[in-house]
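Chain and residue survey
Chain by chain, the residues run as shown.
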Amino acid sequence: MKWVQMSWRNIWRHTRRSFLSASILAFGTIALLTAIGFMLASFNGLREATIRGGLGHIQVSAPDKVLQPNDLREISEKLKRENRVRFTMQRVVFEGLISNGPNTVAVIGSGIEPEQETRLSGGFAPIVAGSGLPADGKNASPSALLGIGLAAKLGAKPGDSLTLLATTVQGVLNAIDVEIVGTFTTGVPELDARQVLLPFGTGQSLLNTQGASRLIVVLKDTENTPVMAAWLRGVFPNFKVATWHELAPYYEQVVTLYKNIFTVLGIILLLVVSMSVTNTMLMAISERLREMGTMLALGISRWRIRVNFAIEGAIMGGLGGATGLIAAAAIATLMNFAGIQMPPPPGRSSPYPLVIFVDPYTYAIMFAIIIVAAALAAWLPTRRLARLEIVEALRQN
Amino acid sequence: MKHYLVAVDLKKEYRHGAIGVPALRGVSLRVTAGELIGICGPSGSGKSTLLHVLAGLDRPDSGRIEIDGAPINVADESKRATLLGTEIGFVFQSFNLVPVLSARENVELPLWPKPFPEHERRSMAETMLARVGLKDRMDHRPDALSGGQQQRVAIARALVGKPSIVFADEPTANLDSKTAEDLLQLLAELNRDLGTTFIFSTHDQKTIRFASRIVLMHDGEVRA
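None of these values were measured; they are calculated from a predicted model.

Remarks on helix α2 (residues 15-55) of chain A
Between its first and last C-alpha atoms α2 of chain A spans 57 Å; for 41 residues at 1.5 Å apiece the expected length is 60 Å, and the two agree. Taken from the residues just after α2 of chain A, glycine 56 of chain A is the one with a positive phi, measuring 70 degrees.

Pasting the structure below:
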């Protein structure tokens, strides 16, 4: 404790210089934490957008066939008793053709439960023109929603009638006439040019089935995905259970890419920031050479003296890091509160709000990293002490 | 009579570029435990170099030094540090107190690496400061002490680890004559009361009378 106390006092021998070094460390901490906070928020946003964009948390399907009504009933009943499950919904998916007579376009389509899809994502298929899908297509005339790109290609507008062709589960072609009730946008132009949505019943009619291509499981908390997937695989070994993570491999690729980029930039920033401590310690060592010589003459080991400089660096790191932590949290809160909109990312057409996470775990890790980096930066220039002759040091003023 | 410190044919040369300046030209010295030796000589005669070499702060180019029968000039770094922390104390001309530490902490400093309980370390420092007449100045930093008081703190620091021998390199050079006399009087008392061997250097003929033996140096050689 005496040594730490001595290091603490040594820091204040040159208040302005120490203040400057600690300030640089604080600014570095703010920059790193803000960047990490933004990155974590972006990852979280991407994850939730991926899940709410239609994947759900878990998808249950039957290998090479549709889920039969009794399968759906059994799985749904079991899932209803699980309090980690928010709700489930069914979907039929198909690839086919849509035609207005002169023009025919290849489409990817889904038969959905609109109310449940809206529960998964409040912003599900935002309507650009016309209205949404009716709740149940079985008791109404067949209707469809077209992506805005697809509607533009066909020159279709709400109220028009188009013919939809697809292969049934029995492997034969089926065609139904659908009334266009509206157009929607996903925010992804490529999808808007190909996607058609039908009420679930209409989709079943098109594919000539009473079953569903997949059952989508939506959880209350994304963190429970692995546990629930494992449980489902145990209870229903004959069905295919896939998590959102498995269904969206690009998520991990994006996360890895951004983590790598950030790690390199973070290390560079940390090195630049640490240089300020190295510089401060270089000056301190030059000024305190006679003091070092005296301590060596008193029988204090070189190692001990060097460690003391590292402690000075660590204290400086602690002061700068703590200041940076508080400032970063305040800045993040202010920016989140300001509701700043970021420009649309590549492949998207709508802006998104700037969010910066204040993650206590990340803050704790960053605090430790700044302290260790500052201690190492202070340790480096002490190499001079390792070969310092006592009498040479004592001659210094 | 058994000699506590034995130095034989010590040679040391400083180099200034291509020119070698001899500081010690074959100095030999035998010191009995409990002596108070004054090394006298003009500036540049090699007094400080001899004290540094004898204390193990510097290495001679050749020659042999033994303290209590153990050679010190060949001791490795850790052994030298141990020796400096236990057997040998050193008092500097410019006091060399650590400015961020109080008088008591400066005296405690050589004890910090040792496994003494804090209260014992504190008690040892306070006893030694009281012994040099600074009982009331223990919590003062060096910049709040006079030159004489700072040198007393430095003496207390050199003695707190109970070394067998203390070297003092011109301890009165930065003090006025009255303070210098008081300080050497203190050294003589400590030498008598504690039995510690003292070797101090001086170029002041007035202060040399406190020594029980005088070693006269000139041009890197012992003349008498």
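What about the confidence of the model for chain B?
Interpreting fine coordinate detail is not advised for predicted regions of low pLDDT. When pLDDT is averaged along chain B, the result is 86, and 97% of the positions lie at 70 or above. Here helix α2 (residues 77-86) of chain B is the element of chain B with the lowest mean pLDDT, 77, and helix α3 (residues 103-108) of chain B is the one with the highest, 94.

Focus: the sheet that holds strand β2 (residues 19-31) of chain B
Strand pairing in a sheet is mediated by backbone hydrogen bonds. Such pairs are either parallel or antiparallel. Residues and elements named next belong to chain B. Spatially, 4 strands are ordered β2-β1-β4-β5 in an open sheet, and the strand pairing comes out antiparallel. The open sheet has two edge strands with one neighbour each: β2 and β5 (70-71). Across 5 bridges, strand β1 (residues 5-16) lies against strand β4 (residues 62-67) in antiparallel orientation. From the neighbouring strand, alanine 7 faces β4, where its bridge partner is isoleucine 65.

So, the interface of chain B and chain A
Often, the extent of an interface is quoted as the loss of accessible area on bringing the components together. With 17 residues of chain B in contact, the opposing surface of chain A contributes 17 residues. Tallying contributions element by element places α2 of chain B first for the side of chain B that touches chain A, with 4 residues. Partitioning the side of chain B that touches chain A into residue classes produces 12 nonpolar, 4 polar and 1 charged.

Remarks on the packing of α2 of chain A against helix α13 (residues 360-379) of chain A
All names here are of chain A. In the contact formed by α2 and α13, the axes pass within 11 Å of each other and the chain directions differ by 145 degrees. Viewed along their axes, α2 and α13 form a crossing whose handedness is right-handed. Mapping the contact onto sequence places Leu25, Thr29, Leu32, Leu33, Ile36 and Leu40 in α2 and Thr362, Tyr363, Met366, Ile370 and Ala374 in α13. Within the contact of α2 with α13, the residues separate by chemical class into 9 nonpolar, 2 polar and no charged.

What about unusual backbone geometry?
Residue and element names in this part refer to chain B. Of note in this structure, aspartate 9 is not a glycine but carries a positive phi near 50 degrees. Along the chain, aspartate 9 falls in strand β1. A positive phi angle, near 45 degrees, is found at glutamate 170, a position not held by glycine. By secondary structure assignment, the location of glutamate 170 is in the loop between β7 (165-169) and α6 (177-194). On the basis of neighbour count, glutamate 170 is assigned to the buried category, with 22 C-beta atoms found within 10 Å.

Let's talk about the environment of valine 241 of chain A
Residue and element names in this part refer to chain A. Within the secondary structure layout, valine 241 lies in strand β10 (residues 240-243). When the 22 C-beta atoms within 10 Å are taken as the criterion, valine 241 is described as buried. For the pair valine 241 and proline 63, spaced 178 residues apart in the sequence, the C-alpha separation amounts to 9.9 Å.

A short note on the packing of helix α1 (residues 2-11) of chain A against helix α12 (residues 302-338) of chain A
Residue and element names in this part refer to chain A. Viewed as axis vectors pointing N to C, α1 and α12 meet at an angle of 65 degrees, and their least axial separation amounts to 9 Å. Between α1 and α12 lies a crossing of right-handed hand. Across from Trp3, Val4, Met6, Ser7, Trp8, Asn10 and Ile11 in α1, the residues of α12 making contact are Asn308, Ile311, Glu312, Ile315 and Met316. A class-by-class count of the residues in the contact of α1 with α12 yields 8 nonpolar, 3 polar and 1 charged.

What counts as what
Residues numbered from 1 in each chain as written. Chains lettered and ligands numbered in written order. Predicted model: local features only at pLDDT ≥ 70, side-chain atom pairs only at ≥ 80, totals over all residues. Helix = DSSP H or I, 4+ residues; strand = E, 2+ residues; numbered from the N terminus. Expected span 1.5 Å × (residues − 1). pLDDT = per-residue confidence, 0-100. Pairing = 2+ DSSP bridges. Contact = placed C-beta atoms within 7 Å. Nonpolar A, V, L, I, M, F, W, Y, C, P; charged D, E, K, R; others polar. Axes fitted to C-alpha atoms, helices over the stretch in contact; angles between N-to-C directions. Left-handed = near helix turned anticlockwise from the far one by under 90°. Buried ≥ 20, exposed ≤ 12 C-beta atoms within 10 Å, placed from the backbone.

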